[in-house]
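Descriptive analysis of the structure
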Amino acid sequence: MNDQDPLSFTHESVPVRIVLRAGAAVTATAEEARRLGLRRLLVLSGPRGADTARAVADSLGRLCVAVHPEARMHVPVEVAARAVAAARAANADGCVAVGGGSSIGLGKAVALRTGLPLIAVPSTYSGSEMTPVWGLTEHGVKRTGRDPVVQPRSVVYDPGLTLSLPVPLSVASGVNAIAHAVEALYAPDASPLTRLTAEEGVRVMAAALPEVAADPGSVEARGRALHGAWLCGTSLGAATMGLHHKLCHVLGGSFGLPHAETHTLVLPHVLAHNAPAAPGAAAAVARALGTDDAPRALWELPRRVGAPRSLAELGLAETDLARAAAQAAGEVTVNPRPVTTDGVLRVLRGAYEGAPPGE
Ligand code: NAD
């Protein structure tokens with residue numbers, strides 16, 4: 001379904017079980033493993049999340065055979081190879097990834113290589129747990145692909161795990177989720193169900209983030225943000241992403257910029273750029289945000305809570321803009337507005353300077 005033809009679509013649902021409950025990481029993961037018939041789980045996390053991973057491992061008791069706390073951003077191939085070796089050495093029959101998109105990405109890399117089923121216990125709002133998309137980085141270049149084998153079979157959302165996520169990163173991660181929904185709303189392969197999920201995802205996440213910022217210790221606000229992450233992540237899994245995701249992919253993979261923050265800074269500019277070519281999607285985002293200027297609202301939200309204000313602040317050099325724009329323009333396969341290097345450069349310059357979108 002798209003702005004042009006609302007009665008032409010294909011939709012594929014993926015079989016994934018979702019549990020969202022305070023405390024679920026240690027009270028629900030073992031039951032999810034049993035339902036999947038798994039008895040020898042390797043628990044994966046990043047170094048920072050090792051304590052949480054151990055708590056999940058303890059809750060699994062004899063169902064856990066090892067903990068491997070070595071996930072790193074963008075899944076370097078050598079990190080993936082070590083995790084695959086750990087899974088084989090432990091004779092694991094499945095993995096539990098505890099953490100953000102980097103830990104879940106490592107679980108997906110193991111699944112891709114071995115076929116082992118994955119349970120995800122997310123600690124950010126990245127939405128990766130709801131997609132069959134994997135990523136691997138080699139020699140500074142990140143490759144991504146789609147394979148149903150990497151889609152987590154079960155997702156355990158525990159608001160308690162996200163209490164420690166600092167406010168600026170919480171908001172950046174939440175806007176990263178909103179970006180999935182925005183691009184799903186104008187994707188050529190979005191279905192009526194995807195559009196519902198995406199619009200509601202934006203609404204729930206945009207309402208949750210100011211609550212999280214005002215009271216980061218609120219389990220309710222954190223739960224609402226995870227609810228939003230689930231919906232936004234679902235729309236990411238169900239639709240082909242456009243200019244925004246390709247540009248962020250290039251900025252992260254080839255220029256080393258941090259994932260969620262980059263999404264936050266680029267999204268308002270891409271939405272302002274694409275809106276004239278996707279009026280239905282732009283109207284849906286505005287409805288969900290309760291505004292008549294969605295790019296401006298998305299630009300203001302992170303600034304209010306101390307998130308980075310420009311790609312320059314994140315360390316991108318002005319001399320890199322033209323190269324990044326050309327690389328991203330070459331990677332985009334679908335986008336409502338035809339993609340030119342000049343157009344991408346204008347978007348990128350706006351995010352680089354942190355200027356209000358559309359100016
Ligand atoms: P991340 O997992 O790298 O986490 C970011 C930082 O936050 C890390 O330093 C981590 O240790 C810390 N952190 C995570 N949870 C925390 C918590 N609860 N409290 C305190 N600190 C915490 O980042 P991310 O933004 O979650 O994920 C980014 C990665 O995921 C990228 O590689 C991106 O490409 C990938 N991703 C993939 C998909 C997909 O569908 N395949 C979707 C979104 C993101």
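Each remark here, short or long, concerns the structure printed above.
Residues numbered from 1 in each chain as written. Predicted model: local features only at pLDDT ≥ 70, side-chain atom pairs only at ≥ 80, totals over all residues. Heavy atoms only, no water.

1. Points about the layout of surface pockets
If a probe the size of a water molecule is rolled over the atoms, the empty space left behind becomes visible. Rule in force here: With a 1 Å grid spanning the protein atoms alone, the term cavity applies to any set of points in which a 1.4 Å probe fits but cannot get out, the term pocket to an open set with protein on both sides within 12 Å along at least five of seven lines, and the term lining residue to any residue with an atom within 4 Å of a point. Grid points are joined across faces, edges and corners, and a volume is the space filled by probe spheres set on the points. The secondary structure listing takes helices from DSSP runs of H or I that are at least 4 residues long and strands from runs of E that are at least 2 residues long, numbered from the N terminus. Note on residue classes: Ala, Val, Leu, Ile, Met, Phe, Trp, Tyr, Cys and Pro are nonpolar, Asp, Glu, Lys and Arg are charged, and everything else, Gly too, is polar. For the domain bounds, the source is a domain assignment made automatically or taken from a database.
Approximately 630 Å³ is the volume attributed to the second largest pocket. In this structure, the second largest pocket is lined by 26 residues; those nearest its centre are Glu 12, Ser 13, Val 14, Gly 237 and Ala 238. Of all the secondary structure elements, the ones that give two or more residues to the lining of the second largest pocket are α7 (192-214) and α8 (219-238). With five residues, the top contributor of residues to the lining of the second largest pocket is α8. In terms of residue class, the lining of the second largest pocket is built from eleven nonpolar, ten polar and five charged. Split by domain, the lining of the second largest pocket shows at least three residues from each of two domains, domain 1 (23-157) and domain 2 (167-353).

2. Digging into the site of the ligand
Where we set the bar: We call a residue near a molecule or strand whenever a single non-hydrogen atom of that residue lies within 4 Å of it. Counting of polar contacts relies on pairs of N or O atoms within 3.5 Å, with two restrictions inside protein: one atom must be capable of donating a hydrogen and the other of accepting it, and residues adjacent in sequence are counted only when both atoms are side-chain atoms. Computed by Shrake-Rupley with a 1.4 Å probe, the accessible areas treat only the displayed protein chains as cover when residues are assessed.
Taken together, 21 residues lie around the ligand, and Ser 102, Ser 123, Thr 124, Thr 131 and Lys 142 are the ones closest in. Here an oxygen atom of the ligand sits 2.7 Å away from a polar atom, N or O, in the side chain of Thr 124. Leu 161 places a polar main-chain atom, nitrogen or oxygen, 2.9 Å from a nitrogen atom of the ligand. Alone, the ligand offers 860 Å² of accessible surface; in the complex the protein occludes 81% of this. When the residues that make up the shell around the ligand are grouped by side-chain class, the tally is six nonpolar, twelve polar and three charged. Counting contributing residues per domain, the shell around the ligand is built from domain 1 (23-157) and domain 2 (167-353), each supplying no fewer than three.

3. Some details on helix α9 (residues 243-253)
What counts is decided by this rule: Each residue's exposure class comes from its accessible area (1.4 Å probe, protein chains only) as a fraction of the maximum for that residue type: buried when under 20%, exposed when over 50%, partly exposed otherwise. Residues count as neighbours in contact if any of their non-hydrogen atoms are within 4.5 Å of one another.
The element α9 is largely enclosed, with a buried count of nine among its eleven residues. Residues of α9 that are buried make contact with β7 (141-146), α6 (167-185), α8, α10 (259-274), α13 (321-331) and α14 (341-353).

4. Considering the sheet that holds strand β5 (residues 118-122)
The strands making up a sheet associate through backbone hydrogen bonding, with each pair oriented either parallel or antiparallel. As a reminder of what qualifies: When DSSP locates at least two bridges between a pair of strands, those strands are taken to pair. Axis angles are defined between N-to-C directions and span 0 to 180 degrees, where every axis is a line fitted to C-alpha atoms and, for a helix, only to the segment in contact.
Pairing within the open sheet is parallel, and its six strands lie in the order β1-β8-β5-β4-β2-β3. Two strands in the sheet have a free side with no partner beyond their single neighbour: β1 (17-20) and β3 (64-68). Adjacent strand axes in the sheet meet at a mean angle of 15 degrees, parallel and antiparallel pairs treated alike. Examined bridge by bridge, β1 and strand β8 (residues 154-157) share four bridges and lie parallel to one another. Following the sheet pairing, Leu 20 is matched in β8 by Tyr 157. Relative to the sheet, helix α3 (residues 50-60) contacts β2 (41-44), β3 and β4 (94-99), its axis offset from that of β4 by approximately 140 degrees. Contacts from helix α5 (residues 101-114) reach β2, β3, β4 and β5, with the element oriented near 165 degrees to β4.

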